[in-house]
Amino acid sequence: MKNIIGVRFKRLGKIYFFNPKYLKVKKGDKVIVETTQGEEYGEVVIPNRNMADDKILEPLKKVVRLANSKDNKHFEECKKIEVEAFDFCKKKIREHNLHMSLTDVECKFDNSKIIFYFTADGRIDFRELVKDLAAEYKTRIELRQIGVRDEVKRIGGNGVCGRELCCCTFLSDFDAVSIKMAKEQNLSLNPSKISGNCGRLMCCLQYEDNVYKEKLKKLPNIGAIVKTPDGQGEVDGVETLKERVKVKLISDDGFIIKRYDIKDVNIIKDVMKEKIDEEEIKNKKELDELEKFEKVDKELKNK
């Protein structure tokens with residue numbers, strides 16, 4: 001077991017573990033910590049606690065000290081630089097006629113560099129922009145392209161559910177989302193209904209994905225031949241969360257559809273019959289675009 005604390009550098013950023021050494025801290029305390037990029041100013045979100053060795057990535061960086069008044073003042077100065085640099089950079093982007101959207105600026109606590117985050121549809125030649133920024137701020141400049149999800153996270157807003165966006169309240173990282181998740185959850189394959197404010201697939205599609213995957217393992221595929229209390233029939237649909245199937249049975253008038261709990265059905269032959277989704281066919285181009293953008297965002301994340 002090791003004594004650790006959890007520190008966050010941005011309001012909704014990831015939580016990183018540090019070795020507090022002899023320091024005792026409480027939630028909300030400001031601390032100066034060692035990182036791979038030099039000293040950083042952060043806020044304690046997890047106070048001193050013991051954690052199992054197998055849950056910690058070694059080696060743990062150390063807490064340098066509790067932030068003092070001088071550190072707090074310097075941090076505020078960094079925030080002012082970020083605001084000024086944001087406006088200056090936007091002005092230069094317009095002057096150079098660059099097709100990019102500036103989303104955020106981060107001034108490192110040790111003044112080693114300033115990072116400018118932006119979104120763009122493709123590659124941008126920003127060499128002249130970097131020269132202007134370096135000449136103005138006399139420090140190392142880094143321009144980092146990010147996805148549109150990160151942009152909306154900074155802007156904020158409300159989702160279709162009426163609540164504040166997940167990325168603006170508790171999501172510290174973005175998990176991969178796919179059209180397949182929407183299909184497995186029997187959602188409408190209309191891009192406008194499964195896309196968020198960022199124009200990408202809604203992050204909440206991922207929340208119940210594991211539950212649906214586990215339940216689908218218990219259910220037969222559409223097209224499977226099953227034995228029911230009312231005779232043999234073909235699975236016409238599934239109600240995943242209720243673990244129920246809709247079965248098409250032969251009747252005197254042709255066919256009837258009845259619902260059965262999976263425990264009341266025996267699978268005779270589990271064949272998969274491709275279900276034709278009219279909305280998927282109608283919106284194929286837009287759905288393919290969404291999938292393409294997901295791959296692009298994943299590549300940016302892994303850079």
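Preceding this section is the structure that the text describes.
In this report, the structure presented in the accompanying data block is examined. (Residues numbered from 1 in each chain as written. Predicted model: local features only at pLDDT ≥ 70, side-chain atom pairs only at ≥ 80, totals over all residues. Heavy atoms only, no water.)

1. A few points about the sheet that holds strand S4 (residues 38-51)
Strand order across the open sheet formed by 5 strands is S2-S1-S4-S3-S5, with antiparallel pairing between neighbours. Each having just a single partner strand, strand S2 (15-18) and strand S5 (63-66) make up the two edges of the open sheet. Between one strand and the next, the sheet's axes are offset by a mean angle of 45°, whatever the strand orientation. The sheet strands contacting helix H1 (residues 69-95) are strand S3 (30-35), S4 and S5, and the helix crosses S4 at an angle near 120°. (Pairing = 2+ DSSP bridges. Helix = DSSP H or I, 4+ residues; strand = E, 2+ residues; numbered from the N terminus. Axes fitted to C-alpha atoms, helices over the stretch in contact; angles between N-to-C directions. Contact = heavy atoms within 4.5 Å.)

2. Side note on the nonpolar core
Within the largest apolar cluster, 20 residues are counted, with the highest numbers of intra-cluster contacts made by Met100, Phe116, Leu129, Leu133 and Leu143. Every element with two or more residues in this core is listed here: H1, strand S6 (101-107), strand S7 (113-119), helix H2 (127-137) and strand S8 (140-145). Looking at which element gives the most residues to this core, the answer is H1, with 6 residues. (Core = buried A, V, L, I, M, F, W, Y, C linked by side-chain atoms within 4.5 Å. Buried < 20%, exposed > 50% of the residue type's maximum accessible area, 1.4 Å probe, protein only.)

3. So, H1
With 27 residues, H1 ought to run about 39 Å at 1.5 Å a step, and its terminal C-alpha atoms sit 39 Å apart, in line with that. Regarding H1, the residues found buried are Asp71, His74, Cys78, Glu82, Ala85, Phe86, Phe88, Cys89, Lys92 and Ile93. Where H1 begins, the side chain of Asn68 points an oxygen toward the backbone nitrogen of Lys70, at a separation of 3.0 Å. (Expected span 1.5 Å × (residues − 1). Polar contact = N/O pair within 3.5 Å; in protein donor to acceptor, adjacent residues only side chain to side chain.)

4. Observations regarding the pattern of salt bridges
Throughout the structure, instances matching the rule amount to 24 salt bridges. In this structure, Lys79 and Glu82 form a salt bridge, with 2.9 Å as the shortest nitrogen-oxygen distance. Note that Lys79 and Glu82 are positioned in helix H1 at a spacing of 3 residues, about one turn of the helix. Residue class for Glu82 comes out buried when judged on its relative accessible area of 12%. Glu128 is the partner of Lys131 in a salt bridge, and the nearest nitrogen-oxygen pair spans 3.3 Å. Of this pair, Lys131 and Glu128 both sit in helix H2, 3 residues apart, which is roughly one turn of that helix. Its relative accessible area of 52% is what places Lys131 among the exposed residues. The exposure class assigned to Glu128 is partly exposed, which follows from its relative accessible area of 44%. (Salt bridge = Lys/Arg side-chain N within 4 Å of Asp/Glu carboxyl O.)

5. Side note on the packing of aromatic side chains
For the structure shown, the criterion picks out 7 aromatic pairs. Through a chain of ring-to-ring contacts, three or more aromatic side chains come together here, namely Phe9, Tyr16 and Phe18. Stacked on the ring of Phe255, the Lys or Arg Lys248 has its end atom at 5.0 Å from the ring centre. (Phe/Tyr/Trp six-rings, centres within 6.5 Å; stacked < 30°, edge-to-face > 60°. Lys NZ or Arg CZ within 6 Å of the ring centre and 35° of its normal.)

6. Topic: the environment of Ile141
Along the chain, the position of Ile141 falls in strand S8. Residue classification places Ile141 among the buried positions, given a relative accessible area of 14%. In this structure Ile141 touches Ile114, Phe116, Val130, Leu133 and Ala134, once residues within four positions along its chain are discounted.

7. Some details on the pairing of strand S11 (residues 244-251)
As paired elements, strand S10 (residues 231-239) and S11 share 6 bridges and run antiparallel to each other. Within S11, the position partnered with Gly237 by the bridge is Lys246. Turn length for the S10-S11 hairpin, with the two strands adjacent in sequence and antiparallel, is 4 residues, and the turn residue Glu243 shows positive phi of about 55°. Judged from the 8 bridges that link them, S11 and strand S12 (residues 254-261) form a sheet pairing that is antiparallel. If you follow Val247 over to S12, its bridge partner there is Lys258. Counting the residues between successive antiparallel strands, the hairpin from S11 to S12 contains 2 residues.

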